[in-house]
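If you want the building blocks of each chain, they are given just below.
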Amino acid sequence: MHTIAHYLDQDHRRCDDQYTLAEADIARRDWTAAAPRFTLFLRMFERHLDKEERILFPCLDRAMGNAYGPTAVMRAEHGHLRTELAHMREAIMRRDSDAFFDHADTLRVLMRQHNLKEEGILYPHADRVLEAQAEAIVASMEGLALAEAGSPA
């Protein structure tokens, strides 16, 4: 059995790997490759956020008795990440690598801080608080990912 932390940490790594490929295309100004790679990254990243927002966070909120704690902070940060990613997607559409990398710098800082909180605090907390449900939660997140992967983009 995988822990919630292990499952979501691995998901972070897969998203990071896909982003790295897209960023390399943009650095080379290979717009033909960059657009679909970045689109794939966005799909993977949205799927990751869905796993947290639709499955993990509601379970944590119920276990903690409120939705105003750490999950509220994470949801707000997800909004900031989505905003930067939208700007980056627009820069790709305009083939503007300078604008892309300006937003990428902001994203990198936001993402580093966000992932440190999730991987260092929230996920381990989830493993403790939701230990009895962990296997079902991971299965639900995997099921969500498979369902979304099978649906048209």
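Keep in mind the model is a prediction, meaning the values are calculated, not measured.

A.B. asks: I keep staring at unusual backbone geometry and nothing clicks. Help me out?
C.D. replies: Its identity is not glycine, yet Arg-29 carries a phi of approximately 60 degrees, on the positive side. For Arg-29, the position within the fold is in the loop between helix H1 (4-27) and helix H2 (31-64).

A.B. asks: Teacher, can you tell me more about the packing of aromatic side chains here?
C.D. replies: Within a pair of aromatic rings, the relevant descriptors are the distance that separates the centres and the angle that separates the planes. Summed over the entire model, instances satisfying the criterion amount to five aromatic pairs. Ring centres of Phe-100 and Phe-101 lie 5.1 Å apart, and the angle between their planes is 85 degrees; on these two criteria the pair is classed as edge-to-face. On the accessibility criterion, Phe-100 (0% relative accessible area) is buried. Of the aromatic side chains, those joined through ring pairs into one cluster are Tyr-19, Phe-38, Phe-41, Phe-45, Phe-100 and Phe-101.

A.B. asks: Where do I start with the packing of H2 against helix H4 (residues 97-129) in this structure?
C.D. replies: Two elements in contact, H2 and H4, have axes whose closest approach is 13 Å; the angle formed by their N-to-C orientations is 30 degrees. Taken as axis vectors, H2 and H4 run roughly parallel relative to one another. H4 is crossed by H2, and the crossing has left-handed handedness. Contacts between H2 and H4 involve Trp-31, Phe-38, Phe-45, His-48, Glu-52, Leu-56, Phe-57, Leu-60, Ala-63 and Met-64 on the former and, on the latter, Ser-97, Phe-100, Met-111, Glu-118, Leu-122, Tyr-123, His-125, Ala-126 and Val-129. A per-class count over the contact of H2 with H4 returns 14 nonpolar, three polar and two charged.

A.B. asks: Can you help me understand the pattern of salt bridges in this one?
C.D. replies: Where charged atoms from two side chains of opposite charge come close, those side chains can pair. Using the criterion set out here, one finds 14 salt bridges in the structure. Residue Arg-14 is joined to Asp-11 by a salt bridge in which the shortest nitrogen-to-oxygen separation is 3.1 Å. On the criterion of helical spacing, the pair formed by Arg-14 and Asp-11 is a turn pair, its members being three residues apart in helix H1. By relative accessible area, which is 5% here, Asp-11 ends up buried. Of the charged contacts, one joins Arg-37 and Asp-25 as a salt bridge, the two residues approaching to 2.5 Å between their closest N and O atoms. Linking Arg-37 in helix H2 with Asp-25 in helix H1, this pair joins segments that are twelve residues apart in sequence. Residue classification places Arg-37 among the partly exposed residues on the basis of a relative accessible area of 32%. Judged by relative accessible area, which is 1%, Asp-25 ranks as buried.

Definitions and limits used
- Residues numbered from 1 in each chain as written.
- Predicted model: local features only at pLDDT ≥ 70, side-chain atom pairs only at ≥ 80, totals over all residues.
- Heavy atoms only, no water.
- Helix = DSSP H or I, 4+ residues; strand = E, 2+ residues; numbered from the N terminus.
- Phe/Tyr/Trp six-rings, centres within 6.5 Å; stacked < 30°, edge-to-face > 60°.
- Buried < 20%, exposed > 50% of the residue type's maximum accessible area, 1.4 Å probe, protein only.
- Axes fitted to C-alpha atoms, helices over the stretch in contact; angles between N-to-C directions.
- Parallel < 35°, antiparallel > 145°, perpendicular 65-115°, else oblique.
- Left-handed = near helix turned anticlockwise from the far one by under 90°.
- Contact = heavy atoms within 4.5 Å.
- Nonpolar A, V, L, I, M, F, W, Y, C, P; charged D, E, K, R; others polar.
- Salt bridge = Lys/Arg side-chain N within 4 Å of Asp/Glu carboxyl O.

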